[in-house]
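# Report on the structure
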Amino acid sequence: MGLLFVESLPGPKVFKCKHCRVDSASPDAIVSKEFRGRHGRAYLFDSVVNVSFGPNEDRQLMTGLHTVNDIYCSCCQRLLGWRYEKAYNEDQKYKEGKYILEKNMMLKE
């Protein structure tokens, strides 16, 4: 199976997977805290670490149709959120290439 490479983020108050406590995102990468996930509040990030991606799928979200990939913790394989691959509405294009992490799947340590 091989070794798992896990990236550590510097600084206090890093967002971590709540199940295995591996680093997932830096607070400096937050674009917005005004998002909703499947299970409540979510944050939009410019970048994340230690994740793997599911296949592309078109999903009807609150803001319209988007092509997204679910993102999973690379350590424990729990679902953390999704990545916006493509936005079909012009006013939603800013989300492309960005990541949603659901707050209830994260710890901030």
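Provided above is the structure to which this section pertains.
From a predicted model like this one, the values you see are computed outputs, not experimental measurements. (Residues numbered from 1 in each chain as written. Predicted model: local features only at pLDDT ≥ 70, side-chain atom pairs only at ≥ 80, totals over all residues. Heavy atoms only, no water.)

Next up on the list: the pairing of strand S4 (residues 40–45). The buried count for S4 comes to five of six residues, which makes it a mostly enclosed element. For strand S3 (residues 30–37) and S4, the ladder comprises five bridges, and the chain directions are antiparallel. The residue of S4 that forms the bridge with phenylalanine 35 is alanine 42. Taking the residues between adjacent antiparallel strands as the criterion, S3 and S4 are bridged by two residues. (Buried < 20%, exposed > 50% of the residue type's maximum accessible area, 1.4 Å probe, protein only. Helix = DSSP H or I, 4+ residues; strand = E, 2+ residues; numbered from the N terminus. Pairing = 2+ DSSP bridges.)

Attention shifts here to a positive patch on the surface. A surface patch of positive charge is lined by Lys13, Lys33, Arg36, Arg41, Lys103 and Lys108. Mapped onto the elements of the fold, arginine 36 is located in strand S3. (Patch = residues over 30% accessible without salt bridge, like charges linked within 9 Å, V, L, I, M, F, W, Y side chains within 5 Å. Areas by Shrake-Rupley, 256 points an atom, 1.4 Å probe, with all protein chains shown as cover. Salt bridge = Lys/Arg side-chain N within 4 Å of Asp/Glu carboxyl O. Lys, Arg positive; Asp, Glu negative; His and termini not counted. Charge placed at Lys NZ, Arg CZ, Asp CG, Glu CD.)

To continue, consider the pairing of strand S5 (residues 51–61). As judged from the nine bridges shared by S5 and strand S6 (residues 64–73), these two strands associate in the antiparallel manner. What sits directly across from asparagine 56, in S6, is asparagine 69. Linking S5 back to S6 in an antiparallel pair, the connection comprises two residues.

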